Amino acid sequence: MENLMMTRRAALLGTMGAAAAATMFGAKTAHAASNVGGIHAIPELAPQWKKLDLAEILSRPAAYCSVSQNKSCYDPGGVQAAEGHRQRGSLPATIKVVEAARKAKNFRSFNWIGYEVFRQDYPMNDFDRAQFSGWIEGLNWTKEQQARDNELVGELRALVHSGDNEFNERALQTAFIGTQLPLELARKKIEVIVLTGIHLDWCIEGNARLARDNGYLPIVIGDACGCQKPEQEKAAMERINNFFAPVISADMFASLLNQRA
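Colleague: Looking at this structure, how should I read the pattern of salt bridges?
Modeller: Pairs can form between side chains of opposite charge whenever their charged atoms are close. Going through the model one piece at a time under the given rule, you end up with 18 salt bridges. Across the pair aspartate 75 and arginine 148 runs a salt bridge whose closest N-O atoms are separated by 3.9 Å. Of this pair, aspartate 75 sits in the loop between α5 (71-74) and α6 (90-103) while arginine 148 sits in helix α8 (residues 143-149); the two residues are 73 residues apart in sequence, bridging distant segments of the chain. Residue arginine 148 is classed as partly exposed on the basis of its relative accessible area, which comes to 40%.

Colleague: I tried to follow the environment of isoleucine 198 on my own but got confused; where do I start?
Modeller: Take isoleucine 198: it is sitting in strand β4 (residues 192-198). Of the residues examined, isoleucine 198 reaches a relative accessible area of 0% and is grouped as buried. Spatially, the C-alpha atom of isoleucine 198 lies 10.0 Å from that of glycine 114, the residues being 84 residues apart in sequence.

Colleague: Is there a simple way to explain the packing of helix α11 (residues 200-213) against helix α12 (residues 233-243) in this structure?
Modeller: Helix-helix packing: each pair is described by the crossing angle between the helix axes and the interaxial distance. Where α11 contacts α12, the axes come no closer than 11 Å and their chain directions differ by 0 degrees. Regarding the angle of α11 to α12, the classification is roughly parallel. Of α12, the residues touching α11 (which contributes Leu200, Asp201, Glu205, Arg209 and Arg212) are Glu233, Ala236, Met237, Arg239, Ile240 and Phe243. Here the residues of the contact of α11 with α12 sort into 5 nonpolar, no polar and 6 charged.

Colleague: Even after reading the chapter, I still don't get the sheet that holds strand β2 (residues 107-114), so can you show me in this structure?
Modeller: Strand pairing in a sheet relies on backbone hydrogen bonds, with the paired strands running either antiparallel or parallel. Spatially, 6 strands are ordered β3-β2-β1-β4-β5-β6 in an open sheet, and the strand pairing comes out parallel. The sheet is open, and its two edges are formed by β3 (165-168) and β6 (247-248), each paired on a single side. Each of β1 (62-67), β4 and β5 (217-226) touches α11; the most contacted strand, β4, lies at about 165 degrees to it.

Colleague: Just to check I follow, could you spell out α6 for this structure?
Modeller: Counting along an α-helix, one turn takes 3.6 residues, and residues three or four places apart therefore face a common direction. When the terminal C-alpha atoms of α6 are compared, their 20 Å separation across 14 residues agrees well with the 20 Å that a helix rising 1.5 Å per residue should span. All of the buried residues along α6 are Ser90, Leu91, Ala93, Thr94, Val97, Val98, Ala100 and Ala101.

Colleague: Even after reading the chapter, I still don't get the side chain of serine 72, so can you show me in this structure?
Modeller: Mapped onto the secondary structure, serine 72 falls in helix α5. Within the structure, the side chain of serine 72 is placed 2.9 Å from the side chain of glutamine 80, a separation counted as a polar contact. Once residues lying within four places of it in the same chain are set aside, the contact partners of serine 72 are Gly78, Val79, Gln80, Ala81 and Asp149.

Colleague: Would you take a moment to explain the confidence of the model for the protein for this structure?
Modeller: Detail in the predicted coordinates should be disregarded across regions flagged by low pLDDT. Model confidence for the protein is summarised by a mean pLDDT of 90, while 87% of its residues fall at 70 or above. Mean pLDDT values for the elements of the protein range from 38 in helix α2 (residues 18-32) up to 99 in β4. Across residues 1-7 the pLDDT falls below 50, and counting only partners more than four positions away or on other chains, this stretch makes 24 contacts in the model.

Colleague: What am I meant to see in the side chain of histidine 199 here?
Modeller: Assignment of secondary structure puts histidine 199 in the loop between β4 and α11. Since its relative accessible area comes to 0%, histidine 199 is described here as buried.

Colleague: Honestly, unusual backbone geometry in this entry has me stumped. Any pointers?
Modeller: Peptide bonds are mostly trans, and most non-glycine residues show a negative phi. Here the residue pair isoleucine 198 and histidine 199 is connected by a cis peptide bond, since its omega of -5 degrees sits within 30 degrees of zero. With a phi close to 60 degrees, serine 68 is a non-glycine residue in the positive phi region. Here serine 68 shows up in the loop between β1 and α5. Classification of serine 68 as buried rests on a relative accessible area of 0%. Non-glycine residue lysine 189 carries a positive phi angle of around 55 degrees.

Cut-off values and rules
- Residues numbered from 1 in each chain as written.
- Predicted model: local features only at pLDDT ≥ 70, side-chain atom pairs only at ≥ 80, totals over all residues.
- Heavy atoms only, no water.
- Salt bridge = Lys/Arg side-chain N within 4 Å of Asp/Glu carboxyl O.
- Helix = DSSP H or I, 4+ residues; strand = E, 2+ residues; numbered from the N terminus.
- Buried < 20%, exposed > 50% of the residue type's maximum accessible area, 1.4 Å probe, protein only.
- Axes fitted to C-alpha atoms, helices over the stretch in contact; angles between N-to-C directions.
- Parallel < 35°, antiparallel > 145°, perpendicular 65-115°, else oblique.
- Contact = heavy atoms within 4.5 Å.
- Nonpolar A, V, L, I, M, F, W, Y, C, P; charged D, E, K, R; others polar.
- Pairing = 2+ DSSP bridges.
- Expected span 1.5 Å × (residues − 1).
- Polar contact = N/O pair within 3.5 Å; in protein donor to acceptor, adjacent residues only side chain to side chain.
- pLDDT = per-residue confidence, 0-100.

Encoded structure:
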């Protein structure tokens, strides 16, 4: 049970054992009610983004990407459930984003990207092997339990349509390496990528950076994302917003789409 409560982020940082995880899990309701993180952490648009017509940009050929919004993070018993994401607002914000994007005719690609913590069968170098093994140390889970942990959370599973793409990240922090995403985006002539998911300062930031470096226009929906801890989200959103991509709310996203409807 001790290692069951150790999260992917905690294993990386080496800062949280079972007692700290249990404390955080018990305090997650306080986090959710404390005006820390989530919608409260979204910064004012950086000066460079204010020069742009984001409504026009969001009318261009677009892709939606949900990253690591799986049962591991949201459901009781998940390896990362101690982070309390179900109570922190990213799930209803994500649903709002998906429903708005479905109504917009320019969204040509919907991608549900998993992130497994059980990576025993992944290609690994020495750093990967040391890091990935720490995420699951002491967990004697069956293949069925491991597969369930990586399943898309039920509320989002209900939003998946025929023709959507479902695959796992294979690299440490991006879907642009080792997956079908680059070919999907190229074939459908995508310009804009809208990102939601967990963790904001890991996979979301990593994908936003790679999207920019590959010539795309990423937009991060801040309240539809989450760090390990709510108090980490302000700095992460400011960094992403200042250097890599606009960070906006789910409500602003829906409003911008409506301006061009």
